[in-house]
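Structural characterization, general
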Amino acid sequence: MPVLAIISAVLVITVEELVEWKFGIAGIVGLLLLTIGIKANSPGVSSAGAVLLALLLARPAL
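First, a word on what this report is: a plain description of the structure on this page.

Thresholds, definitions, all that
Residues numbered from 1 in each chain as written. Predicted model: local features only at pLDDT ≥ 70, side-chain atom pairs only at ≥ 80, totals over all residues. Heavy atoms only, no water. 1 Å grid on protein atoms, 1.4 Å probe; cavity = no way out; pocket = protein on both sides within 12 Å on 5 of 7 lines; lining within 4 Å. Points joined across faces, edges and corners; volume = space filled by probe spheres on them. Nonpolar A, V, L, I, M, F, W, Y, C, P; charged D, E, K, R; others polar. Core = buried A, V, L, I, M, F, W, Y, C linked by side-chain atoms within 4.5 Å. Buried < 20%, exposed > 50% of the residue type's maximum accessible area, 1.4 Å probe, protein only. Helix = DSSP H or I, 4+ residues; strand = E, 2+ residues; numbered from the N terminus. Contact = heavy atoms within 4.5 Å. Expected span 1.5 Å × (residues − 1). Arc of directions from axis to C-beta. Bend = angle between axes of the 7 residues up to and from the residue.

Turning our attention to the layout of surface pockets. Considered as a void within the structure, the largest pocket measures approximately 190 Å³ in volume. Residue lining of the largest pocket: V12, V15, E16, I28, L31, L32, T35 and K39, and that is the complete set. Each residue belonging to the lining of the largest pocket can be placed in one class, and the counts come to five nonpolar, one polar and two charged.

Quick look at the structure:
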């Protein structure tokens with residue numbers, strides 16, 4: 001069980017660093033809003049985070 005927790009923590013930190021490197025502070029804010037909204041069971045907050053991340057991903061195509 002501790003090995004699974006360590007692998008999960010490394011994966012989460014890697015994803016956070018990748019988002020910050022590619023999308024900057026706005027990406028971290030979007031990821032934070034999405035995570036907090038899911039954990040707090042708040043659809044408004046999680047939707048705001050998802051929309052922010054979607055806009056950051058679609059920006060190069062626009």
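Bringing the nonpolar core into the picture now. V19, F23, L31, L53 and L56 together form the largest nonpolar core, which totals five residues. A per-element tally of this core places helix 1 (residues 2–39) first, with three residues. If sequence neighbours within four positions are ignored, F23 has contacts with L56 and L57.

In a regular helix each residue adds 1.5 Å, so 16 residues correspond to 22 Å; helix 2 (residues 43–58) covers 22 Å between its end C-alpha atoms and thus fits that length. Of all the residues in helix 2, the buried ones are S46, G49, L53 and L56. Down the axis, helix 2 shows its buried residues gathered within 90° of arc, on one side only. Of the residues in helix 2, the exposed ones pointing more than 90 degrees away from the buried face are P43, G44 and L55.

For the rest of this paragraph, the subject is helix 1. Taking 1.5 Å per residue as the helical rise, helix 1 with its 38 residues ought to reach 56 Å, whereas the 22 Å between its terminal C-alpha atoms falls clearly short. Helix geometry: helix 1 is bent most strongly at F23, by close to 135°. The secondary structure elements touched by the buried residues of helix 1 are helix 2. One or two positions beyond helix 1, positive phi appears at N41, with a value near 60°.

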